[in-house]
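Tertiary structure, described
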Amino acid sequence: MNNLKDKNILLCITGSIAAYKACDLLRLLRKEGSNVQVAMTPSALNFVGETSFSALSNHEVITKVFPSKKGETGLEHVNLAIDLDAIIVAPATANILGKSASGVADDVVSTLLSICEQPTIFVPAMNFRMWQNKSTINAVDILKKQGKIVMNPDEGQLASLHEGEGRFPDTNSIINQVREIFEQPLPLKNKNILITAGPTREHIDPVRFLSNRSSGKMGYALASEVKNLGANVTLISGPVHIDPIAGVEMVNIESTLDMEKALNHYVDSIGSIDYIFMVAAVSDYTIANPYTNKIKRQNNILDIQFSKAPDLIGNISRKTDATIIGFALETENGEYNAKQKMEDKALDYIVLNYANEENAGFEVNTNHVIIFSKDGSKKELSLDRKDRISTELVNFIINNK
């Protein structure tokens, strides 16, 4: 579920070194389908130009209180305040926090904030001493009592090279905060989720490879679903013809060994992973010695030696405490094979689907799956679009924990 689609959002940018990060926030909001109007203070224009925000938002940026074009009445900003669904001030400086708390309206952003009564999120970014200044603390307290949302800045290295609170928060955290304004449940908020998707390619020579028919649609649908439920998502994808998902960290790989390397890296570096969805159709065998040059058509028979591929799921399950969901694509004895795979590889869940079932499995937009869990529970999801299958699958796993 994406509850940001068609929402009218005012993005206010103030004079912080983090102002450039608002470009990424704007891009994600637009990818989610929101209509975004940008307003910038004069000091913000000293850090970033309005052209980028105009191009990304597809609207002229508001930079002045008084009309600059013939025919404008000066009431445009008042009318804007009526049509909005939410306001984001990002980055929010100590200056704008103080002015908003005190009712000061001396530039276009503070004027808009004094007029607008819609849900408002302040996203602070400043030096740690500014954030800890008593006046800033008082301003934040006043704004919260007025019903405004003031996020806590992240902690880390600041522009001044000092360490402390004051960093612009993670963009996905801001998006999650916006979702909560519109009352979308976020059961996976701040959960770290790793997903694999698509096929792998095992190269025979520089121009040929062995692969399979996986489109990646199921894995990408799952990545979109858990992202919309608040998760921090990393998607390790084989070669597919699907656009990257905004707000999801994308890792592109080719071979099974590439995927093994990426999995090990992220399991080791992310720290605590909550869920791993192993959706990719990974090759069971790799080419032992790929040809360095293109193979010419000479002999009637071409012998290629294969080596057994590493057991990605089995190896990962021994390295993490994450809930692991495997996928089993079968053509016969599906239930027996799926359950055996779940047991052999120490999985928490296994999702069975069939390659030889019409309109299910590879290369289609629909699927029919049966979910088995290690506690013996089972749920069948009848043929449906893969995005809706993903919603039901994730809900089953969340509610079954």
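Scroll up to find the structure.
Residues take numbers from 1 onward in each chain, read along the sequence in its written order. Local features in this predicted model are restricted to residues whose pLDDT is 70 or higher, and side-chain atom pairs enter the listing and the counts only when it is 80 or higher, whereas totals over whole chains, interfaces and linings include all residues. Only heavy atoms go into the side-chain values, all of them from the structure, while hydrogens and water stay out.

1. A word on the overall build of the protein chain
Definition in use: Helix and strand assignments follow DSSP, with helices taken as H or I runs no shorter than four residues and strands as E runs no shorter than two, numbered in order from the N terminus. Burial classes follow relative accessibility: with a 1.4 Å probe on protein chains only, a residue under 20% of its type's maximum area counts as buried, one over 50% as exposed, and anything between as partly exposed. Areas reported here follow the Shrake-Rupley algorithm with a probe of radius 1.4 Å; residue values treat only the protein chains shown as occluding. In summary, the charge assignment counts Lys and Arg as positive and Asp and Glu as negative, without counting His or the chain termini. We put the charge of a Lys on NZ, of an Arg on CZ, of an Asp on CG and of a Glu on CD.
The secondary structure content of the protein chain amounts to 13 helices and 19 strands. Counting only C-alpha atoms, the protein chain reaches 80 × 50 × 45 Å along its principal axes. For the protein chain, with 401 residues in total, the buried portion stands at 49%. For the protein chain, the accessible surface area stands at approximately 20000 Å², while carbon and sulfur atoms represent 46% of it. The distance from the centre of the 41 positive side-chain charges to the centre of the 48 negative ones in the protein chain is 3 Å.

2. Some thoughts on helix α9 (residues 217-228)
Where we set the bar: The length a helix should cover is 1.5 Å for every residue beyond the first.
With twelve residues, α9 extends 17 Å from end C-alpha to end C-alpha; this agrees with the ideal 16 Å at 1.5 Å per step. Note on α9: the residue one or two positions beyond its end, glycine 230, has a positive phi of about 105 degrees.

3. What about the nonpolar core?
Rules: In this text, buried Ala, Val, Leu, Ile, Met, Phe, Trp, Tyr and Cys residues form a nonpolar core when linked through side-chain atoms within 4.5 Å.
The biggest cluster of nonpolar side chains holds 33 residues, and the ones touching the most others in it are Leu11, Ile13, Val38, Phe53 and Ile88. Counting only elements with at least two residues in this core, the list comes to β1 (8-13), α1 (22-31), β2 (35-40), β3 (86-92), β4 (120-124) and α8 (171-181). At six residues, α1 tops the list of elements feeding residues into this core. Listed in part, the 31 residues of the second largest apolar core include Val248, Tyr275, Phe277 and Val369.

4. What to know about the packing of α1 against helix α2 (residues 50-57)
The condition is simple: Axis lines are fitted to C-alpha atoms, over the contacting stretch for helices. Their N-to-C directions set the angle, which ranges from 0 to 180 degrees. Our angle categories are set so that under 35 degrees counts as roughly parallel, over 145 as roughly antiparallel, 65 to 115 as roughly perpendicular, and the remainder as oblique. Two residues qualify as a contact provided that any one of their heavy atoms is within 4.5 Å of a heavy atom in the partner residue.
Interaxial distance between α1 and α2 falls to 9 Å at its minimum, and their mutual angle equals 10 degrees. On the basis of the axis angle, α1 is roughly parallel to α2. For the pair formed by α1 and α2, the contact residues are Ala22, Cys23, Leu26 and Arg30 on the first element and Ser52, Phe53, Leu56 and Ser57 on the second.

5. Re the packing of aromatic side chains
The geometry of an aromatic ring pair comes down to the distance between the two centres and the angle between the two planes. For clarity, the cut-off: Paired rings are identified among Phe, Tyr and Trp, the last through its six-membered ring, by centres lying within 6.5 Å, and are further divided according to the angle between planes into stacked (under 30 degrees), edge-to-face (over 60) and tilted (the rest).
Summed over the entire model, instances satisfying the criterion amount to two aromatic pairs. On the numbers, 6.5 Å between centres and 25 degrees between planes, the contact of tyrosine 275 with phenylalanine 277 is stacked. Of the two residues examined, tyrosine 275 and phenylalanine 277, each falls in the buried class. Here the aromatic rings of tyrosine 349 and phenylalanine 396 are separated by 6.2 Å at their centres, their planes lie at 75 degrees, and the arrangement is edge-to-face. Taken together, the residues tyrosine 349 in strand β17 (residues 349-354) and phenylalanine 396 in helix α13 (residues 386-400) connect sequence positions 47 residues apart. Residues tyrosine 349 and phenylalanine 396 agree in their burial class; the two are buried.

6. Things to note about unusual backbone geometry
Note the cis peptide between alanine 90 and proline 91, where omega equals 0 degrees. Here proline 91 shows up in strand β3. For asparagine 333, which is not glycine, the phi torsion reads 50 degrees and is therefore positive. The residue glutamate 363 is not glycine, and still its phi comes out positive at about 65 degrees.

7. Some thoughts on the sheet that holds strand β13 (residues 275-278)
Test applied: If DSSP finds at least two bridges between two strands, the strands pair.
Reading across the sheet, the eight strands line up as β12-β11-β8-β13-β16-β17-β18-β19 and stay open at both edges, with mixed pairing between neighbours. Two strands bound the open sheet, and with one partner strand each, they are β12 (249-252) and β19 (378-385). Geometrically, the sheet is characterised by an average inter-axis angle of 15 degrees between neighbouring strands, direction not taken into account. The sheet contact formed by strand β18 (residues 366-373) and β19 spans six bridges and is antiparallel. By the bridge assignment, valine 369 is partnered in β19 with leucine 381. Those strands touched by helix α10 (residues 256-270) are β8 (192-197), β11 (232-237), β12 and β13, and its axis lies near 180 degrees from that of β8. α13 contacts β13, β16 (323-330), β17, β18 and β19 of the sheet and is inclined by roughly 160 degrees relative to β19.

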